[in-house]
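Observations on the model geometry
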Amino acid sequence: MITDGFLFISLLLAISAVLVVADRSGKFKVFKYVPGFVFLYIVAALLNTVGLFDHDAIDGVGDGVQDALLPAMILLLLFKCDVRQIIRLGPKLLLTFVVTAASIMIGFIVAYLIVHSALAPESWKALGALNASWTGGSANMVAVQDILEAPEDVFGYVLIVDTVLYSFWLLLIFSSVAVSDKFNRWTKADTSKFDFVGRVTDEEEKPMTLSSIIGLLGFALLVSALAAKAGEMLPEVGTVINASAWTILIVSILGLVIGSTRWGRTAGSSQLATIMLYLIIGIIASGSDFTSLAEAPIYLVVGVIVLLVHIVIMLVYAKLTKTELFSIAVASTANIGGIASAPVVAGAFNRQLVPVGVLFALIGAFSGTFLGLLGAQLMSGIG
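Residues numbered from 1 in each chain as written. Predicted model: local features only at pLDDT ≥ 70, side-chain atom pairs only at ≥ 80, totals over all residues. Heavy atoms only, no water.

**Concerning unusual backbone geometry**
Even without being a glycine, E149 presents a positive backbone phi close to 55°. Locating E149 in the fold gives a position in the loop between helix 7 (138-148) and helix 8 (152-176). By relative accessible area, which is 62% here, E149 ends up exposed. For K188, which is not a glycine, the phi torsion comes out positive at approximately 60°. By secondary structure assignment, the location of K188 is in the loop between helix 9 (180-187) and helix 10 (210-233). Residue classification places K188 among the exposed residues on the basis of a relative accessible area of 60%. (Helix = DSSP H or I, 4+ residues; strand = E, 2+ residues; numbered from the N terminus. Buried < 20%, exposed > 50% of the residue type's maximum accessible area, 1.4 Å probe, protein only.)

Given below as C-alpha cells:
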C-alpha cells in the first residue's frame, strides 16, 4: 500500500509517461479511438480498487497538487484561443456553435428529468462535469468535477459514458461526410460562403526552448496561486459559483486575453497543459472504485438521451436556417470531442477548413466549464 504522497504522484506521472510515449510512437492503433488519459483513469482506478492507495495518507498531497495545477492547465490551454480569429468566422458559424452547445445542455436537462429518480443523489454534479466535457473538453470536465466535488465513483461512470459515446459519435460524424451533398441539398444550404477560409490564419509555433518552458511554467503556477487567493475573497453565488469557480473564471479570462497577443504563441503551452491534465485525471481516478460499476448502465442511458435530443434540435436548426453539414458536424465534434477531434473532422470535409475546427474547439475550451456549471445548477433544482 502506498502511503507516501511523493511516491503516489511519481507513480501517476510514470504511468502517464508510458501512455504518452506509446501514443506518440504510432504503433498502437487503439489510441486513435481511446485517448491516453482514459487508460490512465482505468489503471489508476484499478490500483485503487485493489487497495494500493492509502487515502488517509495521500489525499492531502493529491488534492494540493490538483488545486495548484488545474487553473494553470486551463490558463495554458487558452493561450491558443485568439478572439480576433473567432470573430472572423462570421455570425452564422458562431450561431451554429452556440445552438449546438445549447442543444447538448437541453439534452442533459431532458435526460435528467426522465431518469433522475434512478440516479445517485449527487449525480447532477457528475453529469454537470460530463456536460462540460460535451460542450468543451476533458479539461472543462475536470474543472467542473473539482468545483462541484462530484463523487469519484459517479464521475468514473460518466467518464466511461464519455469514452463509449464519444467513440460512437466520432464514427457517426466521419460517416456523415459521404452524405454531405445530400444533406446540403435537403437543407438548401449555400456552400459558396467558405471564402472565409483564407482569412483564418494558422500560425506555426516556434520550437520549444528552456526559456519558453520555464517561463510558461513559472507564469502559469504564479497566476494559479494568485487567482486562487482572489477567488477566496470573492462572494459565493448560487450552488456552483464558489471560490474554485471564481478561480477558473479569472484564469479563463486572462488566458483568453493572452491568446489574442503574441504571448499566446509561446512554444510549449499545450504540451505543459497536457502533462498537467494527465496528472489531474490520475489523481481523480485514484479515488474511483470499480466494484460499483454495476450502476454505470443507467448513466449510459442518460448519454444516449442527450445525443438523441442533440440530433433532433440540430436537424431542425439546419433545415430552418439552411445550414450545411460541415458547420453542424464540426460544431458538434468540437463540443463533444474537443480539440483532438474537431480539426480532424473539419479536415475530412475540406483540408483548408481545419483551422475552423481548431477555433470551434477553442471556443468550447473557454465556455465548456461555465456551461457545465450552468447545466449542473439547473439539474440541481430538479427534485
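After presenting the structure, the write-up continues.
**Let's talk about the packing of aromatic side chains**
Summed over all chains, the structure comprises five aromatic pairs. Ring geometry for F8 versus F53: centroids 5.2 Å apart, planes at 75°, classification edge-to-face. Linking F8 in helix 1 (residues 5-25) with F53 in the loop between helix 2 (36-49) and helix 3 (55-77), this pair joins segments that are 45 residues apart in sequence. The exposure class of F8 is buried, given its relative accessible area of 1%. Their ring planes at 35° and their centres at 5.3 Å tell us that Y157 and Y299 sit as a pair that is tilted. A residue pair is termed long-range when its members are at least 10 positions apart, and Y157 in helix 8 and Y299 in helix 13 (residues 296-321) qualify at 142 residues. As far as burial versus exposure is concerned, Y157 and Y299 are alike and both buried. (Phe/Tyr/Trp six-rings, centres within 6.5 Å; stacked < 30°, edge-to-face > 60°.)

**As for the side chain of D146**
Topologically, D146 is positioned in helix 7. Within the buried set, D146 has no salt-bridge partner at all; the shortest N-O distance to an opposite charge, 12 Å, is to K125. Other than its neighbours up to four places away in sequence, D146 contacts Q66, D67, L70 and S244. (Lys, Arg positive; Asp, Glu negative; His and termini not counted. Salt bridge = Lys/Arg side-chain N within 4 Å of Asp/Glu carboxyl O. Contact = heavy atoms within 4.5 Å.)

**A short note on the packing of helix 2 against helix 12 (residues 269-285)**
Where helix 2 contacts helix 12, the axes come no closer than 8 Å and their chain directions differ by 30°. Classified by the interaxial angle, the pair formed by helix 2 and helix 12 is roughly parallel. As for the relative orientation of helix 2 and helix 12, their crossing is right-handed in sense. From helix 2, G36, F37, L40, Y41, A44 and A45 reach across to helix 12, where they touch Y278, I281, G282, I284 and A285. (Axes fitted to C-alpha atoms, helices over the stretch in contact; angles between N-to-C directions. Parallel < 35°, antiparallel > 145°, perpendicular 65-115°, else oblique. Left-handed = near helix turned anticlockwise from the far one by under 90°.)

**Things to note about the nonpolar core**
Counting 103 residues, the largest nonpolar core has M73, L127, W134 and F360 as the members making the most contacts within it. L127 has contacts with F108, Y112, L119, V158, Y299, V302 and M379, leaving out every residue within four places of it along the chain. Listed in part, the seven residues of the second largest apolar core include V99, F183, Y317 and A318. (Core = buried A, V, L, I, M, F, W, Y, C linked by side-chain atoms within 4.5 Å.)

**Regarding a nonpolar patch on the surface**
The grouping of I160, V164, F168, L172, W186, L300, V304, L308, I311 and L315 at the surface amounts to a nonpolar patch, some 810 Å² of accessible area in total. Among the secondary structure elements, those contributing two or more residues to the nonpolar patch are helix 8 and helix 13. Tallying contributions element by element places helix 13 first for the nonpolar patch, with five residues. Relative to the helices and strands, L308 is located in helix 13. The exposed category is assigned to L308, whose relative accessible area is 51%. (Patch = residues over 30% accessible without salt bridge, like charges linked within 9 Å, V, L, I, M, F, W, Y side chains within 5 Å. Areas by Shrake-Rupley, 256 points an atom, 1.4 Å probe, with all protein chains shown as cover.)

**A few points about helix 13**
Taking 1.5 Å as the rise per residue, helix 13 with 26 residues should run 38 Å; its terminal C-alpha atoms sit 38 Å apart, in good agreement. Residues A296, Y299, V302, G303, I305, V306, L307, V309, H310, M314, Y317 and A318 constitute the buried set of helix 13. Two residues or fewer past helix 13, K322 is found with a positive phi of approximately 55°. (Expected span 1.5 Å × (residues − 1).)

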